Amino acid sequence: MDLTYSPEHEAFRRQLRAWLRKNLGSWRRGQERLDYDDPRRIERAKQWQRVLYEAGYVAMSWPKEYGGQGADPITQAIVDEELVRAQAPGLIGQMGIQMVGPTLIQFGTEEQKRRFLPKILTAEEIWCQGYSEPNAGSDLASLQTRAELVGDEFIVNGQKIWTSNAQFADWMFCLVRTDPKAPKHQGISYLLIDMKSPGIGVRPLVQMTGERGFNEVWFENVRVPRDQLVGELNQGWQVANATLLHERNMLGAATRTQELFAALVRLAKLTSQGGKSVIENPVVRQRLAALAMRVEAVRYHALRQLTDTVLGRPRGIAASVNKLVATELNHDIAACALDLLGSYATQSSQSKFALDHGKWIREFMFTLGMIIGGGTSEIQKNIIAERSLGLPREPRHLPREPRPETGQ
């Protein structure tokens, strides 16, 4: 693993920092805090992604013919690092950029790539993920949403749940069962569905953060053109796994963990107890140091993966390691922040007594959800144990224990 950057990469970093200094401050100036699904927040987030795209800094590693820059992985990593360093807002089109976009580059037809990829980059079209169902979460292959091929159209019926951003998404990448007689990992297909299609119903779910990010989605005789099938009919599990790999990397991004930890350190410097900044407290410093070591381990793991990508080496189960370690670490960082805030910890962003804009109670609950979403920690441990460590497979059907005699 080579931890040095070439002179060309360092020059690019300086250029990007200068651009962020010039543009980020003016873009932020005078902007009020808005609710998650407030249309003004959504439009503002789209504007920021467009500003960044027009400057050439969105998905730089994508091929030029689809709107990217054809840049090398190190250049893309520098962009990710500098956006975190500048505390730039996240991109509203992350699911498109980091999940369905790379999947289409790998499995999509030429028509699909030219139709969808450019509008993902400009945030003209926002995507949501149609994977989980009421009875198919961690056991995703048990999904029951049905798609029947009739002529040149699929007729889709069923329900999805925990669908992030469905209330304002333009498109969904969706897993459907197209052969109900096949074994459960077969007979699944991967469709691209226009969220404005007749027969689609969306109901937002209020999360414990108070936001309405998740949704329930119903399909009633929704017609989907056959040319919106990605990959082969009934072979969608392979395509779905490619998207899952990208999702695990997105949820376990080292840059997100670094950003969160930097915010925790700022909080420790600004918060006082007994007239002293809490960062001077040796117990707090010891706890921060322990977290810092874990954050650095995550960062070096990301650099090792970057090296593997540059050298063309397979990354193995690295995405599962990212997801498992980073999401649990993010939650521990948020828990530390709540301890520093003491009795102010539970104040939401609407409270006049909230410190740090009520950020940390929201982060504590949100990061807990991320340990579950995208495949729980238990699922990731099974993947690591079975596919990397060579441990025996988990028994799929445990024998039932006899019920105790009750005498009734």
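One structure accompanies this document, and this report is about it. (Residues numbered from 1 in each chain as written. Predicted model: local features only at pLDDT ≥ 70, side-chain atom pairs only at ≥ 80, totals over all residues. Heavy atoms only, no water.)

1. Focus: the overall build of the protein
- Looking only at helices and strands, one finds 11 helices and 10 strands in the protein.
- Over its C-alpha atoms the protein spans a radius of gyration of 23 Å, differing by no more than 12% from the 22 Å that the globule rule assigns to 408 residues.
- Along the longest, intermediate and shortest principal axes, the C-alpha atoms of the protein span 75 × 70 × 45 Å.
- With 408 residues in all, the protein has 48% of them scored as buried. (Helix = DSSP H or I, 4+ residues; strand = E, 2+ residues; numbered from the N terminus. Rg over C-alpha atoms; globule rule 2.2 N^0.38 Å. Buried < 20%, exposed > 50% of the residue type's maximum accessible area, 1.4 Å probe, protein only.)

2. Concerning the pairing of strand 4 (residues 171–177)
- Summarising burial for strand 4: 7 of the 7 residues are buried, a large majority.
- The alternating pattern of strand 4 places Trp-171, Phe-173, Leu-175 and Arg-177 and Met-172, Cys-174 and Val-176 on opposite faces, both of which are buried.
- Sheet analysis places strand 4 next to strand 5 (residues 188–194), joined by 7 bridges and oriented antiparallel. By the bridge assignment for strand 5, Phe-173 is matched with Leu-192. (Pairing = 2+ DSSP bridges.)

3. Some details on the side chain of Lys-113
- Take Lys-113: it is sitting in helix 5 (residues 110–121).
- For Lys-113, which is buried and forms no salt bridge, the nearest opposite charge comes from Glu-110, at a distance of 4.6 Å.
- At a separation of 3.3 Å, a polar atom in the side chain of Lys-113 contacts the main-chain carbonyl oxygen of Ile-105.
- Setting aside residues no more than four positions away along its own chain, Lys-113 makes contact with Tyr-66, Leu-104, Ile-105, Gly-108 and Pro-118. (Lys, Arg positive; Asp, Glu negative; His and termini not counted. Salt bridge = Lys/Arg side-chain N within 4 Å of Asp/Glu carboxyl O. Polar contact = N/O pair within 3.5 Å; in protein donor to acceptor, adjacent residues only side chain to side chain. Contact = heavy atoms within 4.5 Å.)

4. Topic: the nonpolar core
- Ranked by internal contacts, the top residues of the largest apolar core, which has 53 residues, are Trp-48, Tyr-190 and Leu-192.
- In this structure, Leu-192 is in contact with Val-100, Leu-104, Phe-116, Trp-127, Trp-171, Met-172, Phe-173, Val-224, Gln-228 and Val-230, ignoring residues within four places of it in sequence.
- Core analysis: the next-biggest nonpolar cluster, separate from the first, contains 25 residues, Ala-263, Leu-267, Val-284 and Trp-360 among them. (Core = buried A, V, L, I, M, F, W, Y, C linked by side-chain atoms within 4.5 Å.)

5. Some details on the packing of aromatic side chains
- A complete count under the given rule lists 11 aromatic pairs for this structure.
- Taking the centre distance of 6.2 Å and the plane angle of 40° together, the rings of Trp-19 and Trp-48 count as tilted. A residue pair is termed long-range when its members are at least 10 positions apart, and Trp-19 in helix 1 (residues 7–28) and Trp-48 in helix 2 (residues 39–54) qualify at 29 residues. In this pair, the class of Trp-19 matches that of Trp-48, namely buried.
- A ring pair is formed by Tyr-131 and Phe-173, whose centres lie 6.1 Å apart and whose planes are at 80°; its orientation type is edge-to-face. (Phe/Tyr/Trp six-rings, centres within 6.5 Å; stacked < 30°, edge-to-face > 60°.)

6. Details of the environment of Met-208
- Following the sequence through the fold, Met-208 ends up in the loop between strand 6 (200–205) and strand 7 (214–225).
- Sequence-wise, Met-208 and Ser-61 are 147 residues apart; in three dimensions their C-alpha atoms are separated by 36 Å.
- Not counting chain neighbours up to four residues away, the residues in contact with Met-208 comprise Met-365 and Leu-368.

7. A look at the state of the cysteines
- Applying the stated rule across the entire model yields 0 disulfides.
- Not part of a disulfide, Cys-128 finds its nearest cysteine sulfur in Cys-174, a span of 8.5 Å. (Disulfide = S-S within 2.5 Å.)

8. With respect to the pattern of salt bridges
- According to the stated counting rule, one finds 23 salt bridges in the structure shown.
- Its salt-bridge partner being Glu-125, residue Arg-115 comes within 2.9 Å of it at the nearest N-O pair. Here Glu-125 lies in the loop between helix 5 and strand 1 (127–130) and Arg-115 lies in helix 5, a separation of 10 residues in the sequence.
- Accessibility expressed as a relative area gives 33% for Arg-115, which makes it partly exposed.
- A salt bridge links Glu-153 to Arg-223, with the shortest nitrogen-to-oxygen separation between them at 2.7 Å. One end of the pair, Glu-153, is in strand 3 (residues 153–160); the other, Arg-223, is in strand 7, with 70 residues separating them in the sequence.
- What makes Glu-153 partly exposed here is its relative accessible area of 28%.
- The structure contains a network of salt bridges with shared partners spanning Glu-10, Arg-13, Arg-17, Glu-81, Glu-82 and Arg-85.

Any functional reading would require information beyond the geometric quantities listed.
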